[in-house]
Amino acid sequence: MIQVKNLSKTLKNGHKVLDGISFTVNKGEFVGILGPSGAGKTLTIRCLNGLLKPDSGEVIIDIGNKQYDICKVSKKELRQIRQKIGLIFQGYHLVKRSSVLENVLIGKLGQISTLRSIFFGFNDAEAAEAIKALERVNMQSKAGRLVAGLSGGEMQRVAIARALFQSPGFLIADEPISNLDPSNSHIIMKMIKPLSENIPVIGVFHQPELTAKYCTRVIAIKEGKLIYDGDPKLTNQQLVEIYGEELNQLQEELIVSNEISNHAPVE
Ligand SMILES: Nc1ncnc2c1ncn2[C@@H]1O[C@H](COP(=O)(O)OP(=O)(O)OP(=O)(O)O)[C@@H](O)[C@H]1O
Ligand SMILES: [Mg+2]
């Protein structure tokens with residue numbers, strides 16, 4: 001479970017970027033965060049993994065049968081907790097000159113001893129586990145390939161495998177499909193969704209048609225405030241309330257996306 005209570009943050013310039021945000025994500029849920037550009041979605045996500053300290057509020061997380069308020073833990077505890085938070089980002093954050101398998105193994109670097117990590121000393125059992133993570137995203141046949149030669153969709157699958165290899169307590173994604181074409185976006189959403197059967201999954205998206213299809217719940221943030229928390233299928237009126245003028249541009253993208261996804265490969 002991740003429980004966010006009353007998060008607020010004001011920047012030095014006086015801009016209130018988070019204003020009393022509260023929501024809960026349980027195991028079994030895949031929650032999509034929507035909202036216009038600059039709304040505070042990424043800042044909210046950064047509070048969830050302790051990268052940003054809010055001025056007030058709590059982020060209660062359950063990891064390994066223990067509860068923590070990530071805003072209050074020591075730096076040492078935060079480092080340990082972060083090893084159990086799976087992160088997937090828009091830009092993949094992969095080492096391009098390393099192999100697919102090595103990139104997955106990197107997910108656990110923080111969990112092995114410094115000496116072992118200097119020599120990249122993973123044992124056979126760990127390598128087998130990493131291959132299993134690659135199997136879950138259908139990339140096992142490319143384990144030895146350099147990441148530099150992969151397509152964007154393939155890189156994002158490696159990033160998911162790396163997060164899975166960490167055996168995270170929950171999974172956070174910030175725009176994991178923004179660099180992908182509509183067909184690959186569907187493939188990645190189909191891969192992320194089942195992960196929520198075992199752990200809470202939360203992701204930021206700019207594609208309300210995809211969150212409607214794959215997420216179990218949607219929340220919307222606008223001007224630092226939570227303005228919606230509920231059914232992932234939003235009415236046109238709700239979309240207008242969330243996006244305002246940005247909606248026209250989103251709908252143009254939606255038409256293109258629907259046209260292409262009608263021909264999406266089944267995987
Ligand atoms: N490091 C920073 N310094 C100053 N302002 C910042 C910083 N990071 C974010 N902001 C501001 O905080 C607000 C919220 O930013 P955030 O990155 O959370 O937006 P977002 O909802 O993720 O937008 P997008 O959809 O474009 O990614 C914005 O007005 C942004 O300009
Ligand atoms: Mg953002």
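Use the structure listed above.
Here goes a summary of the coordinates provided.

1. Some details on the overall build of the chain
Then comes step 1: In terms of regular secondary structure, the chain is built from ten helices and ten strands.
Then comes step 2: Counting all 267 residues of the chain, 49% fall into the buried class.
Then comes step 3: Long-range pairs, those at least 24 residues apart, make up 67% of the contacts in the chain with a sequence separation of at least 6.
Then comes step 4: In the structure as shown, the chain presents an accessible area of about 12800 Å², 50% of it carried by carbon and sulfur atoms.

2. Quick look at the side chain of aspartate 69
Then comes step 1: In this structure, aspartate 69 sits in strand β5 (residues 66-69).
Then comes step 2: A distance of 3.0 Å separates a polar atom in the side chain of aspartate 69 from the backbone nitrogen of cysteine 71.
Then comes step 3: The contact partners of aspartate 69, leaving out residues within four places of it in the chain, are Glu58, Val59 and Ile60.

3. Side note on the site of ligand 1
Then comes step 1: As a matter of local geometry, ligand 1 sits amid 13 residues, with Ser37, Gly38, Lys41, Thr42 and His206 nearest to it.
Then comes step 2: At 2.8 Å, a side-chain N or O of threonine 42 approaches an oxygen atom of ligand 1.
Then comes step 3: Its free accessible area being 630 Å², ligand 1 has 58% of it covered by the protein chains.
Then comes step 4: By residue number, the principal contributor to the shell around ligand 1 is helix α1 (residues 41-48), which donates three residues.
Then comes step 5: Considering only residue class, the shell around ligand 1 consists of five nonpolar, six polar and two charged.

4. Digging into the packing of helix α5 (residues 124-136) against helix α6 (residues 152-165)
Then comes step 1: As a packed pair, α5 and α6 sit with axes 8 Å apart at the nearest point and diverge in direction by 135°. Considered as vectors, α5 and α6 are oriented oblique to each other. α6 is crossed by α5, and the crossing has right-handed handedness. Contacts between α5 and α6 pair Glu126, Glu129, Ala130, Ala133, Leu134 and Arg136 from the former with Ala161, Leu164 and Phe165 from the latter.
Then comes step 2: Across the contact of α5 with α6, the residue classes break down as six nonpolar, no polar and three charged.

5. Topic: unusual backbone geometry
Then comes step 1: One non-glycine residue, asparagine 6, lies in the positive phi region at around 55°.
Then comes step 2: Within the secondary structure, asparagine 6 sits in strand β1 (residues 2-10).
Then comes step 3: By relative accessible area, asparagine 6 is classed as partly exposed at 47%.
Then comes step 4: The phi dihedral of asparagine 138 is positive, around 60°, even though this residue is not glycine.
Then comes step 5: Along the polypeptide, asparagine 138 turns up in the loop between α5 and α6.

6. Details of the sheet that holds strand β8 (residues 201-204)
Then comes step 1: Ordered by their spatial adjacency, six strands build an open sheet running β6-β7-β8-β3-β9-β10, and the pairing between neighbours is mixed. The two strands at the open ends of the sheet, each matched to only one other strand, are β6 (85-89) and β10 (225-230). When the angles between neighbouring strand axes are averaged without regard to direction, this sheet yields 15°.
Then comes step 2: Here four bridges tie strand β7 (residues 170-174) to β8, and the two strands are oriented parallel to one another.

7. With respect to the side chain of glutamine 156
Then comes step 1: Take glutamine 156: it is sitting in helix α6.
Then comes step 2: Taking the relative accessible area as the measure of exposure, glutamine 156 reaches 0% and is therefore buried.
Then comes step 3: Aside from chain neighbours lying at most four places away, what touches glutamine 156 is Ile88, Phe89, Gln90, Tyr92, Pro176, Leu180 and Ile188.

8. Notes on helix α9 (residues 236-243)
Then comes step 1: Leu239, Ile242 and Tyr243 are the residues of α9 that are buried. When α9 is viewed along its axis, its buried side chains cluster within an angular range of 75° and face the same direction.
Then comes step 2: Following α9 by one or two positions, glycine 244 adopts a phi angle in the positive range, close to 55°.

9. Describing the nonpolar core
Then comes step 1: In terms of nonpolar packing, the biggest core is built from 50 residues, with Phe30, Val104 and Ile160 touching the most fellow members.
Then comes step 2: It is α6 that provides the largest number of residues to this core, a total of eight residues.
Then comes step 3: With residues up to four places along the chain from it excluded, the contact list for valine 104 reads Ala130, Ala133, Leu134, Val158, Ala161, Arg162 and Phe165.
Then comes step 4: Counting residues in hydrophobic clusters, the runner-up holds 30 residues, among them Leu18, Phe23, Leu48 and Ile85.

Definitions and limits used
- Residues numbered from 1 in each chain as written.
- Chains lettered and ligands numbered in written order.
- Predicted model: local features only at pLDDT ≥ 70, side-chain atom pairs only at ≥ 80, totals over all residues.
- Heavy atoms only, no water.
- Helix = DSSP H or I, 4+ residues; strand = E, 2+ residues; numbered from the N terminus.
- Buried < 20%, exposed > 50% of the residue type's maximum accessible area, 1.4 Å probe, protein only.
- Contact = heavy atoms within 4.5 Å.
- Areas by Shrake-Rupley, 256 points an atom, 1.4 Å probe, with all protein chains shown as cover.
- Polar contact = N/O pair within 3.5 Å; in protein donor to acceptor, adjacent residues only side chain to side chain.
- Near = heavy atom within 4 Å.
- Nonpolar A, V, L, I, M, F, W, Y, C, P; charged D, E, K, R; others polar.
- Axes fitted to C-alpha atoms, helices over the stretch in contact; angles between N-to-C directions.
- Parallel < 35°, antiparallel > 145°, perpendicular 65-115°, else oblique.
- Left-handed = near helix turned anticlockwise from the far one by under 90°.
- Pairing = 2+ DSSP bridges.
- Arc of directions from axis to C-beta.
- Core = buried A, V, L, I, M, F, W, Y, C linked by side-chain atoms within 4.5 Å.

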